[in-house]
Amino acid sequence: MERFLPALGWLRRYDRDQLQSDALAAVIVTIMLIPQSLAYALLAGLPPEVGLYASLLPLVGYALFGSSNALAVGPVAVVSLMTAAAVGEMAAVGTPEYAGAALALAFLSGLFLVAIGLLRLGFLASLLSHPVISGFITASGLLIAASQLKHILGVKADGHTLVELLGSIAGHLDQTSLPTLVIGVGATAFLFWVRKQLKPLLLKMGLHPRVADILTKAGPVAAVIVTILAVKAFALDEAGVAVVGAIPEGLPPITLPPFDAELWAQLLPAAILISIVGFVESVSVAQTLAAKRRERVLPNRELVGLGAANIAAGLSGGYPVTGGFARSVVNFDAGARTPLAGVFTAGGIALAALFLTPFFHQLPKATLAATIVVAVLSLVDLGALKRTWDYSKADFAAMAATVLVVLLAGVEKGIMTGVALSVLLFLARSSRPHMAVVGQVAGTQHYRNVRRHRVVTSPKVLSVRIDESLYFANARWLEDKVYDQALANEAIRDVVLICSAVNMIDASALESLETLSDRLKAAGVRFHLSEVKGPVMDKLQKSDFLEHLNGEVFLSHHDAMKALDPVTTAEADRSARPANSALAKS
């Protein structure tokens with residue numbers, strides 16, 4: 001039963017110490033999550049209470065099926081932005097159709113995550129390289145921050161790209177509300193100060209680290225309380241300060257998303273993108289936190305857990321959710337020991353939905369905007385562009401393209417551009433893999449690149465090492481390259497292809513190897529393989545390639561050289577190793 005319902009495992013071993021740790025962590029995360037949930041719902045174009053709803057049953061769904069003890073699931077900034085971009089094309093903000101499309105998007109995302117989890121297809125997330133994810137999150141953070149400027153300024157503005165947003169805001173600057181600006185800038189400055197300066201100050205005052213940490217995490221709550229009191233005291237809502245307004249009391253009803261085939265077909269691409277982006281972010285956080293406690297996170301089980309959370313969101317008035325970086329780190333640092341901490345957090349959110357919603361009636365939208373700005377700017381890492389440029393120009397191209405397209409054309413187009421460019425760059429790199437002519441390091445059985453090391457080469461044996469698996473994209477290139485090198489020297493009688501780095505030979509590459517063997521045979525040159533890995537040899541033995549091979553397969557390359565040119569190999573074996581052989585540079 002544990003295999004299908006992982007919660008049974010940790011529930012069986014649950015004890016009082018874990019209960020205390022989980023309860024404390026839940027209190028801290030709940031304090032942090034309430035203002036965040038309200039803010040992210042507005043970012044997604046939904047009523048604020050939807051953020052609370054998306055933080056209830058999804059936490060329970062993940063606790064039942066997920067594998068991380070510290071991951072905190074709920075609304076996050078990037079997924080909220082992607083939700084707004086996807087659903088905004090289907091319906092107008094504030095309409096029942098918009099809310100229904102958000103439910104359908106969450107439900108679809110959940111079904112997709114559960115499906116690929118049960119099929120054990122978690123590797124699909126590797127299509128998103130780290131530079132692409134980093135570029136996407138950085139650009140999304142800038143885009144989200146720009147989208148919140150209208151709330152901080154108190155002006156009306158719209159747009160889905162950075163140019164549209166900034167242009168629209170610039171056109172309405174003359175309508176800036178001074179009270180709103182004061183609240184927005186003040187709340188933003190306060191939250192930045194809390195994030196950077198409050199905890200060290202409290203520690204200097206002698207407070208216990210745990211108490212200082214709780215007070216620091218409660219910074220957004222303090223901003224919410226102070227600004228609500230300010231609105232009430234000075235009637236700022238009558239002076240033009242936009243407030244959240246009435247929030248329905250109570251828990252969300254269990255509802256079904258609209259089962260509209262046309263709507264689902266339109267939302268499916270966005271659901272897949274949201275699922276993959278959310279999974280990559282979530283599993284990265286979960287694995288990082290698990291490693292600190294020597295725990296294990298199972299990616300395919302994570303897919304099912306996140307899928308269950310999103311299905312729960314689609315059935316309880318929410319929208320797509322995933323594991324959040326900030327709240328998961330807070331959950332971990334607060335001492336969460338099991339997923340039950342998430343269930344306790346859901347209980348705290350439920351109490352807020354039942355009893356605290358009237359209090360948020362006069363909460364300024366500028367305060368929620370400040371909460372979002374401070375949260376997302378911590379995700380922006382422009383320095384990664386330079387680091388990636390210094391290390392890999394190809395990865396920089398994928399990262400920069402992702403950033404630019406997200407900012408100038410939108411989130412979905414940006415992530416699809418990044419994925420497409422990453423795949424194309426991979427194909428380009430692997431279609432022209434590194435190939436080296438090698439020789440023997442004197443006095444050893446090691447063979448290294450003739451261009452990097454002082455080595456001994458055979459006058460009649462060409463030794464070639466290919467540092468890539470062989471498949472359709474590089475098969476013909478390898479065939480022509482080896483053939484040209486073999487015929488460039490009339491003394492060559494044998495060619496040995498060293499396969500120590502070859503993990504796969506597909507059907508196209510197999511055909512090219514057969515053709516290469518025949519072409520070399522016609523030129524009077526034998527073709528051999530050495531150091532073929534077991535799984536690759538198993539595949540070759542299922543074909544007739546070995547029967548028609550114009551040469552042999554050797555266990556090691558040194559064996560091949562002893563058999564094909566014993567004189568040169570024996571002389572190299574007896575020679576002293578050069579002092580500057582620099583073996584580590586292979």
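Preceding this paragraph is the structure being described.
Attention here is on the structure that accompanies the text. Worth saying up front: this structure is predicted, and the values here are computed from it rather than measured.

Here is what the cut-offs are and how they apply
- Residues numbered from 1 in each chain as written.
- Predicted model: local features only at pLDDT ≥ 70, side-chain atom pairs only at ≥ 80, totals over all residues.
- Heavy atoms only, no water.
- Core = buried A, V, L, I, M, F, W, Y, C linked by side-chain atoms within 4.5 Å.
- Buried < 20%, exposed > 50% of the residue type's maximum accessible area, 1.4 Å probe, protein only.
- Helix = DSSP H or I, 4+ residues; strand = E, 2+ residues; numbered from the N terminus.
- Pairing = 2+ DSSP bridges.
- Phe/Tyr/Trp six-rings, centres within 6.5 Å; stacked < 30°, edge-to-face > 60°.
- Arc of directions from axis to C-beta.
- Contact = heavy atoms within 4.5 Å.
- 1 Å grid on protein atoms, 1.4 Å probe; cavity = no way out; pocket = protein on both sides within 12 Å on 5 of 7 lines; lining within 4 Å.
- Points joined across faces, edges and corners; volume = space filled by probe spheres on them.
- Nonpolar A, V, L, I, M, F, W, Y, C, P; charged D, E, K, R; others polar.
- Right-handed = clockwise from strand over helix to strand, strands pointing away.

## Some words on the nonpolar core
- Of all hydrophobic cores here, the largest spans 98 residues; its most connected members are Leu128 and Phe136.
- Element by element, the count of residues in this core is highest for helix α12 (residues 261-292), at 16 residues.
- In this structure, Met435, Val482, Ile505 and Leu529 belong to the second largest nonpolar core, which totals 31 residues.

## So, the sheet that holds strand β5 (residues 461-466)
- Spatially, β4-β3-β5-β6-β7-β8 is the arrangement adopted by the six strands of the open sheet, whose pairing is mixed. In this open sheet, the two edge strands, each paired with only one partner strand, are β4 (447-449) and β8 (553-554).
- Alignment of strand β3 (residues 435-440) against β4, held across three bridges, turns out to be antiparallel. Its bridge partner being in β4, Val438 is matched across the sheet by Asn449.

## As for the packing of aromatic side chains
- Under the defined criterion, the tally for this structure stands at eight aromatic pairs.
- Ring plane angle 65° and centroid distance 6.0 Å describe the contact between Phe359 and Phe360, whose orientation is recorded as edge-to-face.
- Residue classification places Phe360 among the buried residues on the basis of a relative accessible area of 6%.
- Connected via pairs of aromatic rings, a cluster forms that spans Phe107, Phe259 and Trp264.

## Details of helix α8 (residues 162-171)
- Within the sequence span of α8, burial applies to Leu165, Ser168 and Ile169. One side of α8 holds all its buried residues, which, seen down the axis, span an arc of 100°. Of the residues in α8, the exposed ones pointing more than 90 degrees away from the buried face are Val163 and Gly171.
- Looking at the packing, one finds that the buried side of α8 touches α7 (130-153).

## Description of empty space enclosed by the protein
- Tallied over the entire structure, the rule returns four cavities of 30 Å³ or more.
- What the largest cavity holds in volume is close to 100 Å³.
- Taken together, 14 residues form the lining of the largest cavity, with Leu59, Leu71, Ala72, Val73 and Gly342 sitting closest to its centre.
- Looking at the lining of the largest cavity, the elements that each hand over two or more residues are α2 (16-43), α4 (57-65), α14 (325-333) and α15 (340-355).
- Residue composition of the lining of the largest cavity, by class: eight nonpolar, five polar and one charged.
- If you trace the second largest cavity, you find it lined by Val79, Leu113, Ile274, Ser275, Gly278, Phe279, Leu306, Asn310, Val321 and Thr322.
- In terms of residue count, α12 provides more of the lining of the second largest cavity than any other element does, four residues in total.
- Residues of the lining of the second largest cavity, tallied by class, amount to six nonpolar, four polar and no charged.

## Details of the pairing of strand β6 (residues 494-498)
- Taking burial as the measure, the five residues of β6 include five buried ones, the bulk of the element.
- Side-chain alternation along β6 places Asp494, Val496 and Ile498 on one buried face and Val495 and Leu497 on a second face that is also buried.
- Across five bridges, β5 lies against β6 in parallel orientation. Its bridge partner being in β6, Arg465 is matched across the sheet by Ile498.
- Taken together, β5, helix α20 (residues 475-487) and β6 form a β-α-β motif whose crossover is right-handed.
- Judged from the five bridges that link them, β6 and strand β7 (residues 526-530) form a sheet pairing that is parallel.

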